[in-house]
Amino acid sequence: MSNVSTRKRGIPNPLAWIGAATLGLLSEIGRLAVFSGKVKAAAFSPRWYFGQIWKQFIQTGFYSLPVVGLSAVFIGAALALNIYQGSGRFGAEQFVPNIVVLGITRELGASITALMLAGRVSAGIAAEIGAMRVTEQIDALESLSASRFRYLYAPRFLAALIAVPMLVIVADIIGVMGGWLVSVYGLGFDSTVYLRNTLDFMTRNDVLTGVIKGFVFGGIIALMGCYQGDRSKAGATGVGRAATLSMVGAAVLVLAANYVMSTIFVEVGL
Amino acid sequence: MTTPILSLQNVEKRFGSNHVLRGVTLDVAPGESLVVIGGSGSGKSVMLKNALGLMTPDSGQILFNGEDVTQSRGKARARMRERVGMLFQSGALFDSLTVWENVAFRLINSGVVSRSKAKDHAIDTLRKVRLGSEVADLYPAEISGGMQKRVSLARSIISKPDLIFFDEPTTGLDPITADAINDLIIEQVRGLGAAAVTITHDMPSARKIADEIAMLFEGRIIWRGKASEVDHSGNPYVDQFVHGRAEGPIQPAI
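Just so we're clear, the structure is a prediction, and the values are computed from it rather than from any experiment.

Colleague: Any chance you could explain the overall build of chain A here in plain terms?
Modeller: On a plain count of helices and strands, chain A comes out with 10 helices and zero strands. What you see in chain A, going N to C, is helices and strands ordered as α-α-α-α-α-α-α-α-α-α. Counting only C-alpha atoms, chain A reaches 65 × 55 × 35 Å along its principal axes. Out of the 270 residues in chain A, the part that is buried amounts to 44%. Contacts spanning at least 24 positions in sequence make up 84% of the contacts within chain A whose residues lie at least 6 apart.

Colleague: I tried to follow the interface of chain B and chain A on my own but got confused; where do I start?
Modeller: Where interface size is given, it is often the accessible area lost as the parts come together that is meant. The interface is formed by 13 residues belonging to chain B together with 10 residues belonging to chain A. Put simply, the parts of the chain that give the side of chain B that touches chain A at least two residues each are helix H2 (74-82) and helix H4 (105-110) of chain B. Partitioned by chemical class, the residues of the side of chain B that touches chain A number eight nonpolar, two polar and three charged.

Colleague: What should I look at first to understand the domain arrangement of chain A in this one?
Modeller: All names here are of chain A. Domain boundaries in chain A define domain 1 (1-45) and domain 2 (48-268). Inter-centroid distance (C-alpha atoms) of domain 1 to domain 2 is 28 Å. Each partner contributes to the interface: domain 1 provides seven residues, whereas domain 2 provides 11 residues. Partitioned by chemical class, the residues of the side of domain 1 that touches domain 2 number five nonpolar, one polar and one charged.

Colleague: Would you explain the nonpolar core in this entry?
Modeller: Proteins that are soluble and globular tend to have nonpolar side chains buried together. Residue and element names in this part refer to chain A. Phe157 and Ile221 are the most contacted members of the largest nonpolar core, which totals 145 residues. The greatest single-element share of this core, amounting to 19 residues, is contributed by helix H5 (residues 96-134). Not counting residues within four places of it along the chain, the set of residues in contact with Ile221 comprises Ala114, Leu117, Ala118, Val121, Ser122, Ala160, Val164 and Ala250.

Colleague: Help me understand the sheet that holds strand E5 (residues 67-68) of chain B, please; the structure alone is not making it clear to me.
Modeller: Strands pair in a sheet through their backbones, by hydrogen bonds, and they do so in one of two ways: parallel or antiparallel. Residues and elements named next belong to chain B. Judged by pairing direction, the sheet is antiparallel, and its four strands sit side by side in the order E2-E1-E4-E5 without closing on themselves. Two strands in the sheet have a free side with no partner beyond their single neighbour: strand E2 (18-28) and E5. Summarising the sheet, strand E1 (residues 6-15) and strand E4 (residues 59-64) pair through five bridges and their orientation is antiparallel. For Gln9, the partnering residue across the bridge sits in E4 and is Gln61. Those strands touched by helix H1 (residues 44-52) are E1, E2 and E4, and its axis lies near 120° from that of E1.

Colleague: Hey, could you run me through the pairing of strand E8 (residues 195-200) of chain B in this one?
Modeller: When a strand is regular, its side chains alternate between the sheet's two faces. Residue and element names in this part refer to chain B. For E8, a buried count of six out of six residues is recorded, marking the element as mostly surrounded by other parts of the structure. On E8, burial covers both faces: Ala195, Val197 and Ile199 on one face and Ala196, Thr198 and Thr200 on the other are all buried. Note: strand E3 (residues 33-37) against E8, five bridges, orientation parallel. When the bridges of E8 are listed, Val36 appears paired with Ile199. Examined bridge by bridge, strand E7 (residues 163-167) and E8 share five bridges and lie parallel to one another.

Colleague: What is the right way to read the sheet that holds E8(B) from this model?
Modeller: Residue and element names in this part refer to chain B. Here we have six strands laid out as an open sheet, ordered E6-E7-E8-E3-E9-E10, and mixed in their pairing. Edge positions in the sheet fall to strand E6 (84-87) and strand E10 (220-226), since each has one partner strand and no second. For this sheet, the mean inter-axis angle between neighbouring strands, taken without regard to orientation, is 15°. Most of the contacts of helix H6 (residues 145-157) go to E6, to which it runs at about 170°, and overall it touches E6 and E7.

Colleague: What's the story with the domain arrangement of chain B in this structure? I'm lost.
Modeller: Residue and element names in this part refer to chain B. In terms of domains, chain B is made up of domain 1 (1-83 + 161-254) and domain 2 (96-160). Computed from C-alpha atoms alone, the centre-to-centre distance between domain 1 and domain 2 is 25 Å. Considering every element that reaches the side of domain 1 that touches domain 2, the biggest residue donor is helix H7 (residues 175-192), with five residues. Of the residues contributing to the side of domain 1 that touches domain 2, the split by class is seven nonpolar, three polar and one charged.

Colleague: How should the packing of H5(A) against helix H7 (residues 148-185) of chain A be read in this particular structure?
Modeller: In a pair of packed helices, the angle between the axes and the distance between the axes together describe the arrangement. Residues and elements named next belong to chain A. Relative to each other, H5 and H7 sit at 145°, their axes nearing to 7 Å. Note on packing geometry: the crossing formed by H5 with H7 is right-handed. Residues of the contact of H5 with H7, tallied by class, amount to 20 nonpolar, six polar and two charged.

Colleague: Which parts of the structure should I look at to understand the packing of H5(A) against helix H9 (residues 204-230) of chain A?
Modeller: All names here are of chain A. Between H5 and H9, the least distance of the axes is 7 Å, while the angle of their chain directions is 15°. In terms of orientation, H5 lies roughly parallel with respect to H9. Judged by the twist between their axes, the crossing of H5 over H9 is right-handed. Considering only residue class, the contact of H5 with H9 consists of 16 nonpolar, 11 polar and six charged.

Colleague: It is not clear to me how H5(A) should be interpreted in this structure. Could you clarify?
Modeller: Every α-helical turn comprises 3.6 residues, leaving residues that sit three or four positions apart pointing alike. Along H5(A), the largest kink reaches about 55° and is centred on Ile104(A). Of all 39 residues in H5(A), 31 are buried, a share of seventy percent or more.

Colleague: How should I be thinking about the environment of Ile212(A) in this particular structure?
Modeller: Residue and element names in this part refer to chain A. Considering the arrangement of structural elements, one finds Ile212 in helix H9. Take Ile212: there are 18 C-beta atoms within 10 Å of it, and that puts it in the partly exposed class. Taking the C-alpha atoms as reference points, Ile212 and Tyr49, separated by 163 residues in sequence, lie 25 Å from one another.

Reading the values: the criteria
- The residue numbering used here restarts from 1 in each chain and proceeds along that chain's sequence as written.
- Written order determines the labels here, with chains lettered from A and ligands numbered from 1.
- Whole-chain, interface and lining totals are the exception, using all residues; otherwise, since this is a predicted model, local features are given only for residues with pLDDT of at least 70 and side-chain atom pairs are given and counted only at 80 or more.
- Note on conventions: DSSP H or I runs of at least 4 residues are helices, E runs of at least 2 residues are strands, and numbering of each starts at the N terminus.
- Burial is judged by counting the other C-beta atoms within 10 Å of a residue's own C-beta: 20 or more makes it buried, 12 or fewer makes it exposed, and any count in between marks it as partly exposed, with every C-beta position built from the backbone.
- Residues are treated as contacting if the C-beta atoms built from their backbones sit within 7 Å of each other.
- Polar here means any residue outside two lists: the nonpolar Ala, Val, Leu, Ile, Met, Phe, Trp, Tyr, Cys and Pro, and the charged Asp, Glu, Lys and Arg; Gly therefore counts as polar.
- Here the bounds of each domain stem from an automatic or database domain assignment.
- For this entry, the nonpolar core is defined as buried Ala, Val, Leu, Ile, Met, Phe, Trp, Tyr and Cys residues connected by C-beta atoms within 7 Å.
- Pairing between strands is defined by DSSP: at least two bridges between the two strands are required.
- Orientation is described by axes fitted as lines to C-alpha atoms, over the contacting stretch for helices, and by angles from 0 to 180 degrees between their N-to-C directions.
- Here is the rule for handedness: rotate from the far helix to the near one, and if that takes an anticlockwise turn smaller than a right angle the crossing is left-handed, while a clockwise turn gives right-handed.
- When describing relative orientation, an angle under 35 degrees is termed roughly parallel and one over 145 degrees roughly antiparallel, while 65 to 115 degrees is termed roughly perpendicular and anything else oblique.
- At any given residue, the bend is defined as the angle formed between two axes, one fitted to the seven residues that end at that position and one fitted to the seven that begin there.

Given below as structure tokens:
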């Protein structure tokens with residue numbers, strides 16, 4: 001690589017560097033695509049390890065409730081304050097409940113949940129599987145006639161597909177309540193009017209778009225964790241690197257997928 | 001002539017510029033205990049992982065009971081692995097499962113045995129490696145290194161395999177525990193009538209459990225003979241290795 005990317009006198013050749021980086025990126029995308037295909041094939045065909053799926057569902061869903069709930073309440077509260085401040089410039093403070101519920105259900109509920117889970121779940125999966133890789137547990141699994149794709153990765157993928165949309169709904173509810181708390185106890189809104197405006201303005205599609213995003217984000221979070229864990233090597237350093245890469249990769253892919261899905265939802269009028 | 005249970009024919013494996021296996025050829029007869037010795041980094045573990053199908057060789061053939069399994073996948077590979085046991089160097093016990101679930105993993109995973117019967121079977125097998133039922137519900141992190149090796153041995157023999165691989169079975173154990181593990185290996189392998197391939201650089205262990213010893217050096221088998229002949233093989237590489245001398249044709253790996 002180094003003899004390609006540098007000139008004779010050691011000055012980097014920008015074209016060679018760009019070419020090498022592009023090739024590296026393409027091969028990484030290819031490996032990730034093949035890996036994702038194998039995980040999905042294992043997840044959507046028998047045999048299913050229901051005990052493992054349940055265990056992972058609890059790990060991904062139940063144990064993430066505190067972090068998702070706390071993040072959502074603070075985001076909802078800050079959102080209400082900022083909207084109140086901004087809308088006050090043209091005397092539109094009464095729209096705070098409408099914009100809070102719209103922002104939380106269509107955008108922030110799913111994004112914040114996914115970003116928190118990129119740290120908590122994706123990095124956790126990568127570290128766990130990476131540790132299993134370096135301690136030969138994955139080799140042992142294969143030697144005992146069990147596929148790592150079926151036994152380890154498919155349960156984590158399926159659990160995330162189920163748990164993350166549910167967490168998004170929880171984040172939506174708690175986020176809206178965060179906005180309500182600040183508006184009622186800090187900004188002087190009437191509680192009944194606030195809640196009535198919220199419920200009247202919110203549509204089924206607002207919630208649905210967030211849930212669909214949660215489903216896709218769940219898949220990304222689990223796949224990135226499994227992929228980086230599976231590729232982990234070189235002891236503790238390698239496991240740490242796998243956890244970091246999975247968290248960063250999942251966060252970036254979540255934000256990119258969020259933009260793509262928002263564009264599609266706008267185009268189809270959802 | 002009996003068909004070897006395992007046959008490696010001119011197996012080569014490289015990782016980038018590192019040519020680890022340079023044409024390994026090796027036969028293991030049914031019921032035979034073969035120990036492969038060699039220094040650190042000589043390719044012993046890579047050879048074992050190729051034989052077990054955890055790695056695919058770049059060239060050469062691997063035959064299991066006369067059937068070519070070099071490139072086999074899916075059900076063909078699973079059929080072969082059902083008849084093979086493996087004790088990993090680190091034990092490689094699943095730390096999220098209890099001791100009995102580790103031992104009975106293959107039975108539970110096969111789906112043909114109920115969990116309660118699998119547990120009974122696991123406890124019976126634990127007894128064979130001198131572990132009582134009180135350890136069955138513990139997790140691997142709650143037992144000692146020697147006990148973990150015994151549990152791993154129990155996991156490798158529970159399905160009564162035809163061939164068992166042992167990867168450095170005594171590494172990291174004190175001499176007394178190591179000798180107890182050697183005794184258990186001999187007892188269980190003979191009891192099952194299985195063939196065994198052990199890789200080690202622990203010479204007391206090799207002398208004790210081997211019918212035959214082969215030496216791997218620079219990716220090739222350079223000597224093979226009866227265990228009783230290893231101390232006067234006439235091969236300078238083997239002599240240096242078995243006597244643990246720094247001087248000789250093998251350069252220390254430092």
